[in-house]
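What follows is each chain in one-letter form.
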Amino acid sequence: MEQVQTANNGTVPVFNAGKSANKTRSRRNFPSLPSVPGASDMADVAYTCKVDASPTSWEALPLYSPFSLSADGSYPLIKVSRSKAADLRTGKSIHAGSGRCYRVIF
């Protein structure tokens, strides 16, 4: 009797067991975003906010809370994870590890 050595504890590997090769996923049809008129048709908006007088540490800032790196509250950001913040003007995320920031309340 001949013994066959396998690398998977004596079990026979089964490839594509029970799966059909022609199975495709149907795509969901999500509605598109509404169109926006040109910048000349948009309105200017000014927001008022309160800024903490004393800075707080990055670690103490809760997730999804707005903050600013300057004491006057300009260029607000939002903490989106332990190491990233999102810029409200551009929508892009930036890396942040530690430091001091000022809480902003709209």
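Residues numbered from 1 in each chain as written. Predicted model: local features only at pLDDT ≥ 70, side-chain atom pairs only at ≥ 80, totals over all residues. Heavy atoms only, no water.

Re the packing of aromatic side chains
Enumeration according to the criterion identifies two aromatic pairs in this entry. Here the aromatic rings of Tyr47 and Phe106 are separated by 6.5 Å at their centres, their planes lie at 75 degrees, and the arrangement is edge-to-face. One end of the pair, Tyr47, is in the segment before strand S1 (50-51); the other, Phe106, is in the segment after strand S7 (100-105), and 59 residues separate them in sequence. Taken individually, Tyr47 and Phe106 each receive the classification exposed, so the pair is uniform in this respect. With centroids separated by 5.3 Å and ring planes inclined at 75 degrees, the aromatic side chains of Trp58 and Phe67 adopt a geometry described as edge-to-face. When the ring centre of Trp58 is taken as origin, the NZ or CZ atom of Lys79, which lies over that ring, is 4.7 Å away. (Phe/Tyr/Trp six-rings, centres within 6.5 Å; stacked < 30°, edge-to-face > 60°. Helix = DSSP H or I, 4+ residues; strand = E, 2+ residues; numbered from the N terminus. Buried < 20%, exposed > 50% of the residue type's maximum accessible area, 1.4 Å probe, protein only. Lys NZ or Arg CZ within 6 Å of the ring centre and 35° of its normal.)

Quick notes on the side chain of Ser65
Secondary-structure assignment places Ser65 in the loop between strand S2 (56-57) and strand S3 (66-68). In contact with Ser65, other than residues within four places in its own chain, are Leu77, Ile78 and Lys79. (Contact = heavy atoms within 4.5 Å.)

What to know about the side chain of Lys79
Inspection of the secondary structure assignment puts Lys79 in strand S4 (residues 77-79). One polar contact links the side chain of Lys79 to the main-chain carbonyl oxygen of Trp58, over a distance of 2.9 Å. Among the polar contacts listed, one links the side chain of Lys79 to the backbone oxygen of Leu61, at a separation of 2.8 Å. Discounting residues that sit within four places of it in the chain, Lys79 has contacts with Trp58, Glu59, Leu61, Pro62, Leu63, Tyr64, Ser65, Phe67, Lys84 and Ala85. (Polar contact = N/O pair within 3.5 Å; in protein donor to acceptor, adjacent residues only side chain to side chain.)

The quantities given are spatial measurements derived from coordinates; they are silent on function.
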